[in-house]
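The chain contents come next:
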Number of protein chains: 2
Amino acid sequence: MTANILVVDDLETNIKVLEAKLLKEYYIVYTANSGLKALEMLKTHKIDVILLDCMMPELDGFETCKRIKANPDTAHIPVVIVTALYDVEYRVKGLEAGADEFLTKPLNDVALFARLKSLSRIKSILDELQLRNATNTELGIKTKTLYQDFANSKILIINDDAVQSKHMMGMLSRLTSNIKIISDESMVANLINEEFIPDATIISCQIEKTDPLRLLASIKTNQYIKNSSIMMLAEEENMHIVIKALDLGASDYFIVPIDTNELIARIKTQLRRKYYQESLRTDLEVGMNLSIKDGLSNLYNRRYFDAHLPHLIDKATESSQYLYALMIDIDNFKTINDIYGHQIGDEVIKYTAKILSTNFRVTDLVARYGGEEFIVILYDINDKNILNIAERIRESIATSIIQKDLHITASIGITKHLPTDTKESFILRADQGLYQAKNSGRNMVRFI
Amino acid sequence: MTANILVVDDLETNIKVLEAKLLKEYYIVYTANSGLKALEMLKTHKIDVILLDCMMPELDGFETCKRIKANPDTAHIPVVIVTALYDVEYRVKGLEAGADEFLTKPLNDVALFARLKSLSRIKSILDELQLRNATNTELGIKTKTLYQDFANSKILIINDDAVQSKHMMGMLSRLTSNIKIISDESMVANLINEEFIPDATIISCQIEKTDPLRLLASIKTNQYIKNSSIMMLAEEENMHIVIKALDLGASDYFIVPIDTNELIARIKTQLRRKYYQESLRTDLEVGMNLSIKDGLSNLYNRRYFDAHLPHLIDKATESSQYLYALMIDIDNFKTINDIYGHQIGDEVIKYTAKILSTNFRVTDLVARYGGEEFIVILYDINDKNILNIAERIRESIATSIIQKDLHITASIGITKHLPTDTKESFILRADQGLYQAKNSGRNMVRFI
């Protein structure tokens, strides 16, 4: 996949060299000669990866990176800090500033392109999850900040060198105590059984019993643990394995000997990205879920009810079972609202919804039909039982106490689905049952 | 990226050969020795790409492919039909059966792996869009069928060989008349201005003025047209360009001379996949949108209102502007519901919502607050204007005719936000204003 790359450097020559390399690989290149200009460009251009020089006047690479990562609109864009300084202290500083990668000049082309490939792949998935509309912003989703607490993170080390594993576990204990070490692939299934689903996995390239790349592939395609972020532990001479690993879906690598601070900083980067991606996914799921539920009562909403009722009618007809509708309406709700105010009115709705959701089976469809009106569709039941259930519901509501001196009652209409019924005539009859119950003095059940 | 590949062939040797090749590239391989077994496996395994032999006893490759594509649970899994038959008639038959690709034995490894890479990339994006929850199924989203009508599809041909372009346009006219031909990249901007956003783009590898791969890269990173499906038109000796193009994001290619039926079949495959992906994205957006809107009135719902009100208070406070709340309640709604039934009650809600949404500015927050109660938050306005607006709304409602003999009125309470107000006290006061309007005889506006 190609991608939009922003190259930020104060030296024109550096920009030219990098630009030429990237163009040759068919990347689309944007350039900025200062940190401030880069921040400006990010406002108007859709950038997939940023290559950021470290040493620049005014705003240096670290500071620029911090600002990119602090802005919710740009925080998810991968940043690679590029520098002539090899010192591990700088690498850690860059990663702590939120950089996704830290590369030293002169750049190794193969490593650079392997990185860009893996980072643009991640970016394209984040883009899909963010959608293109404003709803996320409206719901406040875009303003999420990056995850900072890693005490509950789970880390898996796959390595048959027991000494090295212990050593790494020691280093990682600064971050979390949820670390497991396994020495071969067959133990992965056990972990899943124990519900140890790792957030990050470190695979040693020196592992002897299995091919580390095959191990990586099997994790990446395992539905339970495929979202674990994978890092390769390698010696300098294993770089060819690392390059292939990045291509297969690994997100980072360490070259031994490892500096503790760098290890921690890199793992934090991976974990942050993983949690960010997960939270985007959760937001979507929650959003989709909210769209079928009523916010106040947490019952299914009218829209869902209307869409789902035909399926229930079909199902009951196919299996030759009776289908019933119960229409439940809180008596004198308007007066309660006027006297006690809307907040208490809301409490009454919630309280009634709770009684309903605890008194029906999961296969029954319980929905908020209107303001103070609820509807329940049931099948696999008979006339006698349905009357008993309705009576029990009526009584539960009538004996409940919302607050001192505030008692409520509800009227209930019941009907059975007839072969000649349309969706509308079925519901209308339940409504008429309710109307009869109201007219007979409320706090009643009427079956018509 | 690695992927789960299902190899389907009735000959054990064929399976073994293909399996070995795939394992070497670190794919995870599943195998089935008949079409029926393949369908069985798809029920329990998460497969990313299917390699399907054409000639099998019982269920042949075409029939198996048709069944995979007819099942909403598996329709999105890319299928590659593999065969010893080169005949173009078979290729078209395979593509018409819904196959994503048709490869002839002996398989060219480079072409095979370029394909698998591009197909698994597409699959991973579809997976993200489908989420992992049951909501889609509940909303009936998963049962969508594949797109079949291409009359409105837009196709772009980028080629400087005018004769060849004309010829292709003629062949494609069987599918759609929305075809444009351009001869170089500079004309892409014009197309976007004319709002010709192509669903599919064919780029000639023989184009002289520009590098076809650079052209591809610039389309794939252009935010307006990046979702266009890209196909390369190549001569046999350009295969190296095609392989790189698949890597950069192209989805398919044609080798000249082109058979009309094959061209149409391949373009249909691409268009179907594009529309499928778009519809998944739209479902998510619609779902997210539904979660903040009330289904009946199409106004913002209570949940959104509660989440958004603090932002409006902050905004008004920062800019030192007045903030007002209007609480609007339909008079005697309960009686209307009882006399005319719920369907008419719903009409009343919709009608009132329409009056509200047409009488306020886009910056005003208009929400359904409860059953027959609406709330509007406005700023950048003064006491006199707010009273005029409320009066106008009251009058619009009072003079409206829902149906013969059914007139409605509404009462309105207004209040201004005070520096000492909490969110709750602000809304409570609007509620009290409404209560006063009701007590003074309804169909009134009260500002407190």
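Since the structure is predicted, the reported quantities are computational estimates derived from the model, not experimental observations.

Cut-offs used in this document
Residues numbered from 1 in each chain as written. Chains lettered and ligands numbered in written order. Predicted model: local features only at pLDDT ≥ 70, side-chain atom pairs only at ≥ 80, totals over all residues. Contact = placed C-beta atoms within 7 Å. Helix = DSSP H or I, 4+ residues; strand = E, 2+ residues; numbered from the N terminus. Core = buried A, V, L, I, M, F, W, Y, C linked by C-beta atoms within 7 Å. Buried ≥ 20, exposed ≤ 12 C-beta atoms within 10 Å, placed from the backbone. Least-squares fit on C-alpha atoms with pLDDT ≥ 70 in both. Right-handed = clockwise from strand over helix to strand, strands pointing away. Pairing = 2+ DSSP bridges. pLDDT = per-residue confidence, 0-100. Axes fitted to C-alpha atoms, helices over the stretch in contact; angles between N-to-C directions. Domains from an automatic or database assignment.

Caption draft 1: Geometry of the interface of chain B and chain A. Across the contact, 49 residues belong to chain B and 49 residues belong to chain A. At the level of secondary structure, the elements contributing two or more residues to the side of chain B that touches chain A comprise α5 (109-130), α6 (135-138), α9 (212-220), α11 (260-290), α12 (302-318), α13 (333-340) and α16 (423-439) of chain B. Per-element accounting of the side of chain B that touches chain A gives the leading share, 7 residues, to α11(B).

Caption draft 2: Quick peek at the nonpolar core. The biggest cluster of nonpolar side chains holds 71 residues, and the ones touching the most others in it are Ile50(A), Leu51(A), Leu216(B) and Met232(B). Met232(B) has contacts with Ile203(B), Cys205(B), Val242(B), Ala245(B), Ala250(B) and Tyr253(B), leaving out every residue within four places of it along the chain. Judged by nonpolar contacts, the second largest core, of 70 residues, contains Ile230(A), Tyr27(B), Ala97(B) and Ala265(B).

Caption draft 3: Inspection of the relation of the copies chain B and chain A at higher detail. Expressed as a screw transformation, the operator carrying chain B onto chain A has a rotation angle of 180° and an axial translation of 0.0 Å, and the superposed copies differ by an RMSD of 0.3 Å. Such values leave the two copies arranged in the relation of a two-fold axis.

Caption draft 4: Quick peek at the pairing of strand β1 (residues 4-8) of chain B. All names here are of chain B. With 5 of its 5 residues buried, β1 lies for the most part within the structure. Side chains of β1 alternate between two faces, with Asn4, Leu6 and Val8 and Ile5 and Val7 buried alike. Traced from β1 through helix α1 (residues 12-24) to strand β2 (residues 28-32), the parallel crossover comes out right-handed. Sheet analysis places β1 next to strand β3 (residues 49-53), joined by 4 bridges and oriented parallel. Along β3, the bridge assignment pairs Val7 with Leu51.

Caption draft 5: Expanded view of the confidence of the model for chain A. Residues and elements named next belong to chain A. Per-residue confidence for chain A gives a mean pLDDT of 88; residues scoring 70 or more make up 96%. Confidence, read as mean pLDDT per element, is least for helix α6 (residues 135-138) in chain A (51) and greatest for strand β16 (residues 410-416) (97). For this predicted complex, the interface score ipTM comes out at 0.70, while the overall pTM is 0.73.

Caption draft 6: Fine view of the pairing of strand β16 (residues 410-416) of chain B. Residues and elements named next belong to chain B. Summarising burial for β16: 6 of the 7 residues are buried, a large majority. Across 7 bridges, strand β11 (residues 323-330) lies against β16 in antiparallel orientation. The residue of β16 that forms the bridge with Ile328 is Ile412. Of the pairings in the sheet, the one linking β16 to strand β17 (residues 445-447) comprises 3 bridges and is parallel in character. Within β17, the position partnered with Ile414 by the bridge is Phe447. Regarding the hand of the β-α-β motif, the stretch spanning β16, α16 and β17 is left-handed.

Caption draft 7: Molecular detail of the sheet that holds β2(B). Residue and element names in this part refer to chain B. Pairing within the open sheet is parallel, and its 5 strands lie in the order β2-β1-β3-β4-β5. Each edge of the sheet is formed by a strand with only one pairing partner; in this case those strands are β2 and β5 (101-104). Neighbour-to-neighbour, the strand axes of this sheet turn through a mean angle of 20°, independent of strand direction.

Caption draft 8: Summary view of the domain arrangement of chain A. Taken domain by domain, chain A holds domain 1 (1-130), domain 2 (145-285) and domain 3 (302-447). Relative to domain 3 of chain A, the C-alpha centre of domain 2 of chain A lies at a distance of 52 Å.

Caption draft 9: How the structure looks around the environment of Leu191(A). Residues and elements named next belong to chain A. Counting through the fold element by element, Leu191 comes out in helix α8 (residues 188-193). The class of Leu191 is partly exposed, set by 17 C-beta atoms lying within 10 Å. Placed 11 residues apart in sequence, Leu191 and Lys180 show a C-alpha to C-alpha distance of 8.9 Å. With sequence-adjacent residues up to four places away left out, Leu191 is seen in contact with Leu156, Lys180, Ile182 and Phe196.

Caption draft 10: The arrangement of the sheet that holds strand β13 (residues 373-379) of chain B in detail. All names here are of chain B. Strand order in the open sheet formed by 5 strands is β12-β13-β11-β16-β17, with mixed pairing between adjacent strands. Both edges of this open sheet fall to β12 (365-368) and β17, since each of them pairs with a single strand only. In this sheet, adjacent strand axes meet at a mean angle of 15° when their direction is disregarded. As defined by bridge partners, β12 adjoins β13 across 4 bridges and the pair is classed as antiparallel. What sits directly across from Arg368, in β13, is Phe374. α12 contacts β11, β12 and β13 of the sheet and is inclined by roughly 155° relative to β12. Of the strands in this sheet, β11, β16 and β17 are in contact with α16, which crosses β16 at around 140°.

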